[in-house]
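This is what each chain is made of:
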Amino acid sequence: KLCTLYGLHGISENSGMFLQCGFMNAVQIDRVYEEVTNLCATLRPEAVALTDSFGYTDYVINSPFGRYDGNVYDTYFALVSSQNPPGKVPEYFEDTIKPLLTRSLDVPDAPEME
């Protein structure tokens with residue numbers, strides 16, 4: 001199933017060329033898209049096992065999702081918290097964001113809407 005998904009994904013990514021060269025017609029390309037969606041749904045429960053089969057560590061994958069220890073949400077929260085410490089204001093806030101938050105919504109000399 002994984003090999004089929006790989007092949008069909010390649011076709012879907014290059015569907016214009018398959019149509020242009022006459023290798024497939026629009027109905028067949030639609031079927032390819034449907035089958036890619038079906039295979040993704042079928043393989044979804046195996047996603048963690050398939051990823052683990054490559055032998056990459058959580059560190060290399062750098063994703064809090066699909067962790068070997070199953071501690072997804074606490075790890076993700078810790079990652080986001082560490083990268084966005086409370087009280088730290090980004091340097092672009094004063095110049096870019098604050099004017100948007102404090103601007104007046106009144107438009108002077110605007111034409112009346114009917």
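Below is a short write-up of the structure. Counting restarts for each chain: residues are numbered from 1 in the order of the written sequence. The predicted nature of this model means local features are confined to residues of pLDDT at least 70 and side-chain atom pairs, given and counted, to a pLDDT of 80 or more, with totals for whole chains, interfaces and linings taken over all residues. Excluding hydrogens and water, the side-chain figures rest on all heavy atoms present in the structure.

**Thoughts on the nonpolar core**
Only buried residues count toward a nonpolar core. Its members are Ala, Val, Leu, Ile, Met, Phe, Trp, Tyr and Cys residues joined through side-chain atoms within 4.5 Å. Only protein chains enter the accessibility calculation, which uses a 1.4 Å probe. A residue is then buried if its area is under 20% of the maximum for its type, exposed if over 50%, and partly exposed in between. If you look at the biggest cluster of nonpolar residues, it comprises nine residues: L5, L8, I11, M24, I29, V32, V36, L39 and L43. Helix and strand definitions here come from DSSP, where helices need a minimum of 4 consecutive H or I residues and strands a minimum of 2 consecutive E residues; each element is numbered from the N-terminal end. Going through the elements one at a time, α1 (2-13) and α3 (26-43) are the ones with two or more residues in this core. Sorting elements by how many residues they give to this core places α3 first, with five residues. Here, residues are in contact when the closest pair of their heavy atoms is within 4.5 Å. Filtering out sequence-adjacent residues up to four positions away, V32 remains in contact with L8, I11, S12 and M24.

**Describing the pattern of salt bridges**
Salt bridges are defined by distance alone: a side-chain nitrogen of Lys or Arg within 4 Å of a carboxyl oxygen of Asp or Glu. In total, this model carries three salt bridges according to the counting rule given. Residue E35 pairs with R31 through a salt bridge whose shortest N-O separation is 3.4 Å. Taken together, the residues span about one helical turn, with E35 and R31 both in helix α3 at a distance of four residues. Residue R31 is classed as partly exposed on the basis of its relative accessible area, which comes to 44%. Here K98 ties to E94 by a salt bridge, and the two come within 3.7 Å at their closest N and O atoms. Here K98 pairs with E94, and both are found in helix α7 (residues 93-102), just four residues apart, close to one helical turn. Judged by its relative accessible area of 37%, K98 falls in the partly exposed class. Judged by its relative accessible area of 46%, E94 is partly exposed. A network of salt bridges, in which partner residues are shared, links R31, E34 and E35.

**A word on the packing of aromatic side chains**
Two rings from Phe, Tyr or Trp (for Trp, the six-membered ring) form a pair when their centres are within 6.5 Å of each other. A pair whose planes differ by under 30 degrees is stacked, one over 60 is edge-to-face, and the rest are tilted. What the rule picks out here adds up to two aromatic pairs. With 6.3 Å between their ring centres and 65 degrees between their planes, F18 and F23 make a pair best called edge-to-face. Here the aromatic rings of F54 and Y56 are separated by 6.2 Å at their centres, their planes lie at 20 degrees, and the arrangement is stacked. Taking the relative accessible area as the measure of exposure, F54 reaches 60% and is therefore exposed.

**Concerning α3**
For α3, which comprises 18 residues, the first-to-last C-alpha distance of 26 Å matches the rise-based estimate of 26 Å (1.5 Å per residue) to within 8%. Those residues of α3 that sit buried are I29, V32, V36, L39 and L43. With its buried residues spanning 80 degrees around the axis, α3 presents them on a single face. Facing away from the buried side of α3, by more than 90 degrees, are the exposed residues V27 and T37. Whenever two N or O atoms come within 3.5 Å, that pair is a polar contact, provided that in protein one can donate a hydrogen and the other can accept it, and provided that, for residues adjacent in sequence, both atoms are side-chain atoms. Its side-chain oxygen at 3.1 Å from the backbone nitrogen of V27, N25 defines the N-terminal cap of α3. One less than the residue count of a helix, multiplied by 1.5 Å, gives the span that helix is expected to have. Directions are taken from the helix axis to each C-beta atom, and the arc is the one they span.

**Description of the packing of α1 against α3**
In contact at an axis separation of 9 Å, α1 and α3 are set at 140 degrees when each is read in the N-to-C sense. As for how α1 packs across α3, the hand of that crossing is left-handed. Taken together, the residues of α3 that come into contact with α1 (itself represented by L2, T4, L5, L8, H9, I11 and S12) are I29, V32, Y33, E35, V36, L39, C40 and L43. Tallied by class, the residues present in the contact of α1 with α3 amount to eleven nonpolar, three polar and one charged. To get an axis, fit a line to the C-alpha atoms, keeping to the stretch in contact for a helix; angles then go from 0 to 180 degrees between the N-to-C directions. Note: crossing handedness is left-handed where the near helix turns anticlockwise from the far helix by less than a right angle, and right-handed where it turns clockwise. Each residue gets one label: Ala, Val, Leu, Ile, Met, Phe, Trp, Tyr, Cys and Pro are nonpolar, Asp, Glu, Lys and Arg are charged, and the others, such as Gly, are polar.

Remember that the coordinates give geometry; whether it matters functionally is a separate question.
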